[in-house]
Amino acid sequence: MKIKQSMGEQIFDIVNVLIMVVLVIITLYPLLYVLFVSFSVPGEYMRYGGNLLWRPLGFSLASYQEVFRNPNIWSGYRNTLFIVVVGLTFNMVFTISGAYVLSRPQLMLRRFLSLFTLFTMYFSGGMIPTYLNVRNLGLAGSIWSLIIPVSVNTFNLIIMRTAFEGVPQSLEESAKIDGASQLTILVRIMIPLVVPTIAVLVLYYGVFHWNSWFNALIYIRKRELYPLQLILREMIIQNSAAASMNLSAADDSAMIGETIKYATIVVATAPILCLYPLLQRFFVKGVMVGAVKG
C-alpha cells in the first residue's frame, strides 16, 4: 500500500528536488562550458564573449591537435600513469596492512598507536621540514618523491580500520581454529569482505595522485619527470599570457591559445572521470562504512 504523504512531506520533497536540480546545473555547467569551448573555433569564441549553453561555436579540432602535438603531454601522461599505478599499490598495501593491525583488539598499546596515528592527521612538520626530510632521504629530484612520502593517508587509514572492525570477530576465531595465519586471515577473509571500502579508497588515492601537482612543483626539476597536472598548469599560464598579448589579432592562429587551455583540461581530466562509473556501485556503501569512526 502506498502511504499517503502529508502536505509538509510533499512540500519538503518538492523543495528537495528543486535544490538537487539547481545543484546539478551548477555542477554540470562548468564541465559543459569547458567541453564546448575546447571544440569551438578559436576566432568565433574570442569574438563571442557570452555563455555557451547548448553547443560549441562552430566545430574545430585544432585545439586538440595542438595539445597532442606537444611532446610534454605524452611524457606527462607517462609519468602520471606511473605515479598512479605504483603510488596506488603503495597506498593500498600500507593502508590495508596498517588498518588491519590497528583493528586487532589483542594488539598491545592499540589505543596509544591509534591516537599517535590520529595525531599525524591534525599536526605536521610543515612544508620546509618535509622538504628537508625528502631531500635528506635522497628522494628530491626523483619521481619517488611523489610516491613514498604520501604512501599512507591517515583519514583513509581510519576508514579502512573501521571497515575491518565491522567484520565479525567469530570469522577470525574460526579461521584461527583451522590453523590460518594472520596473513591468510587478512587476504582470504578480511579483504574480500571490505571490497566496497577498498574501492572507495582506490578512488580517493587515484584522484589524489592524478590531480597532484604541488609536490612535483617543489621536488621535481627535470621537465621529463613532470606529471600531467604540472604540464597542464604550465600550458594554461603560457597560453593565458600569449592570449593577452594577441587580443587585437584577428586570425585563429593567434587566438587558439585560449581554446588550447580548455582542450588541455579535457585531456587531463577525462581519464579520471571515466573511473567514477566503474566504482559507483561501491562508493555509497564504502562511504557509509567509513562514516562511523571508533
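Structure shown above.
Residues numbered from 1 in each chain as written. Predicted model: local features only at pLDDT ≥ 70, side-chain atom pairs only at ≥ 80, totals over all residues. Heavy atoms only, no water.

1. Some thoughts on unusual backbone geometry
Working note: non-glycine residues mostly have negative phi, and peptide bonds are mostly trans. Backbone geometry at Leu109 places phi at a positive 55°, although glycine is not the residue there. Inspection of the secondary structure puts Leu109 in the loop between helix H4 (71-103) and helix H5 (110-122). A relative accessible area of 60% means that Leu109 is categorised as exposed. (Helix = DSSP H or I, 4+ residues; strand = E, 2+ residues; numbered from the N terminus. Buried < 20%, exposed > 50% of the residue type's maximum accessible area, 1.4 Å probe, protein only.)

2. Digging into a nonpolar patch on the surface
A surface patch of nonpolar side chains, about 750 Å² in accessible area, is lined by Met7, Ile11, Val15, Ile19, Met20, Val22, Leu23 and Ile26. Looking at the secondary structure, you find Ile11 in helix H1 (residues 7-39). Accessibility expressed as a relative area gives 46% for Ile11, which makes it partly exposed. (Patch = residues over 30% accessible without salt bridge, like charges linked within 9 Å, V, L, I, M, F, W, Y side chains within 5 Å. Areas by Shrake-Rupley, 256 points an atom, 1.4 Å probe, with all protein chains shown as cover. Salt bridge = Lys/Arg side-chain N within 4 Å of Asp/Glu carboxyl O.)

3. Some words on the pattern of salt bridges
If you walk through the whole model with that rule in mind, you get six salt bridges. We note a salt bridge from Glu172 to Arg104, for which the minimum N-O separation is 2.3 Å. Here Arg104 lies in the loop between H4 and H5 and Glu172 lies in helix H8 (residues 169-177), a separation of 68 residues in the sequence. Take Glu172 and Arg104: they sit in the same class, and that class is buried. A salt bridge links Glu165 to Arg161, with the nearest nitrogen and oxygen atoms 3.7 Å apart. Here Arg161 and Glu165 lie together in helix H7 (residues 154-165), a separation of four residues that amounts to about one turn. A single network of salt bridges, built from pairs that share partners, joins Arg104, Glu172 and Lys176.

4. Notes on the environment of Leu217
Considering the arrangement of structural elements, one finds Leu217 in helix H11 (residues 214-219). Leu217 has contacts with Leu230 and Arg233, leaving out every residue within four places of it along the chain. (Contact = heavy atoms within 4.5 Å.)

5. Structural notes on the side chain of His209
Tracing the chain through its elements places His209 in helix H10 (residues 195-211). Once you skip the residues sitting within four places of it in the chain, His209 turns out to touch Ile83, Val84, Gly87, Leu88, Asn91, Leu146 and Val150.

6. Re the packing of aromatic side chains
Following the criterion strictly, the structure yields 14 aromatic pairs and no others. Measuring from ring centre to ring centre gives 5.5 Å for Phe39 and Phe59, while their planes differ by 10°; the resulting arrangement is stacked. In this pair, Phe39 is assigned in helix H1 and Phe59 in the loop between helix H2 (42-48) and helix H3 (62-69), connecting sequence segments 20 residues apart. Given a relative accessible area of 59%, Phe59 falls into the exposed group. Ring geometry for Phe119 and Phe123: centres 4.8 Å apart, planes at 25°, overall stacked. Among the aromatic residues, ring-to-ring pairing joins Phe82, Phe90, Phe94 and Trp144 into one connected group. (Phe/Tyr/Trp six-rings, centres within 6.5 Å; stacked < 30°, edge-to-face > 60°.)

Everything listed is a geometric property; what it means functionally is a separate question.
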